[in-house]
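# Examining the three-dimensional arrangement
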Amino acid sequence: MKKLGILAGVAGLAVSTMLLASGARSADDAKLEQLKQQGFARVAIANEPPYTAVAADGKVSGAAPDVAREIFKRLGVNDIVASISEYGAMIPGLQAGRFDVVTAGLFMKPERCAAVAYSEPVLCDAEAMLVKKGNPKGFKSYADIAKDSSSTVGAPGGGTEEKLALNAGVPRDRVIVVPDGQSGLKMVQDGRIDAYSLPVLSINDLVKKANDPNLEVIAPVQGAPVYCDGAAFKKGDEALRDAYDVELAKMKKSGEFAKIIEPYGFSAKAAMSTTREKLCAAK
Ligand code: 6CS
């Protein structure tokens, strides 16, 4: 997997300036033209299957990058180059120009919708918790964890589950930031945290691969909404986002969208039954 240095950023800037001088219709068109010249779009991912995955040989897959790769191809951008990022660092990285787009299952929520330009919905999922077999502390919700002063829950830094646990009243020192799925799984197995929370499909993927009879999945987490992500573009790149949405809508209509995401366990119907407007307005 290639990481991009300052050079790519500087080259991108030079290309944009040249294209604007060449009469590209607007700065927005220049962005798509810049990506076409660059030959790839720099995407932020988390490496959390089935949303995003990086194989040992660096090959990037997962429902979010696969949809993005196909759409960018249709826009004339031949490939995507992925960088792994913590969820909490994705939006700052996008705003700093380190990525061209976040395609990682970054769920739409009002505060994120205010910070980026989301595409229409792509991947929807409920929340889950991984616990020891038998769910010894009887967790059904984040509030249950809050009520038990000896309990801890692990979640991604800057992620939705961390926010949900804190908002449910779990004190900061009992919400443990966990860098990735494998670490979260091990921490539950070793009893270092009482629960590890990720979206349902991510937890199910971890449990399937762990093949450990001493684990149990609580899904859905009571009181937690079903979220949907979208591709997240930098504010100012709305024309690129709109071009992306045109292709996404065509793929949803033709069935090609379902063909990409449903083998990963996602529902095309769920994404097609809601909109960015509704998700960004959700309380
Ligand atoms: O959007 C988020 O914050 C969450 N999305 C996924 C796919 N995994 C965990 C993360 O917290």
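First, a word on what this report is: a plain description of the structure on this page. (Residues numbered from 1 in each chain as written. Predicted model: local features only at pLDDT ≥ 70, side-chain atom pairs only at ≥ 80, totals over all residues. Heavy atoms only, no water.)

### Thoughts on the sheet that holds strand β9 (residues 153-155)
Taking strand neighbours across the sheet as the criterion, the 5 strands line up as β10-β9-β11-β8-β12 in an open arrangement whose pairing is mixed. Of all the strands in the sheet, just β10 (175-177) and β12 (215-218) have a single pairing partner and so form its edges. On average, each strand axis in the sheet is tilted by 30° relative to the strand beside it, whichever way the strands run. Two elements, strand β8 (residues 127-132) and strand β11 (residues 195-199), share 4 bridges in a ladder whose sense is antiparallel. Looking across to β11, one finds that Met 129 is bridged to Ser 197. In the packing of helix α7 (residues 160-167) onto the sheet, the strands contacted are β8, β9, β10 and β11, and the crossing angle to β10 comes to about 160°. Docked against the sheet, helix α9 (residues 200-210) engages β8, β11 and β12, running at close to 120° with respect to β11. (Pairing = 2+ DSSP bridges. Helix = DSSP H or I, 4+ residues; strand = E, 2+ residues; numbered from the N terminus. Axes fitted to C-alpha atoms, helices over the stretch in contact; angles between N-to-C directions. Contact = heavy atoms within 4.5 Å.)

### So, the site of the ligand
Residues in close proximity to the ligand total 14 residues, the closest being Glu 48, Phe 107, Arg 112, Thr 160 and Glu 161. Contact distances for the ligand include 2.9 Å between a nitrogen atom and a backbone N or O atom of Gly 105. Between Glu 161 and the ligand, the recorded distance is 2.5 Å, taken from a side-chain N or O atom to an oxygen atom. When the ligand is considered free in solution it has 300 Å² of accessible area, and contact with the protein chains removes 100% of it. Counting only elements with at least two residues in the shell around the ligand, the list comes to α7 and β11. Among the residues making up the shell around the ligand, the classes are represented as 8 nonpolar, 3 polar and 3 charged. (Near = heavy atom within 4 Å. Polar contact = N/O pair within 3.5 Å; in protein donor to acceptor, adjacent residues only side chain to side chain. Areas by Shrake-Rupley, 256 points an atom, 1.4 Å probe, with all protein chains shown as cover. Nonpolar A, V, L, I, M, F, W, Y, C, P; charged D, E, K, R; others polar.)

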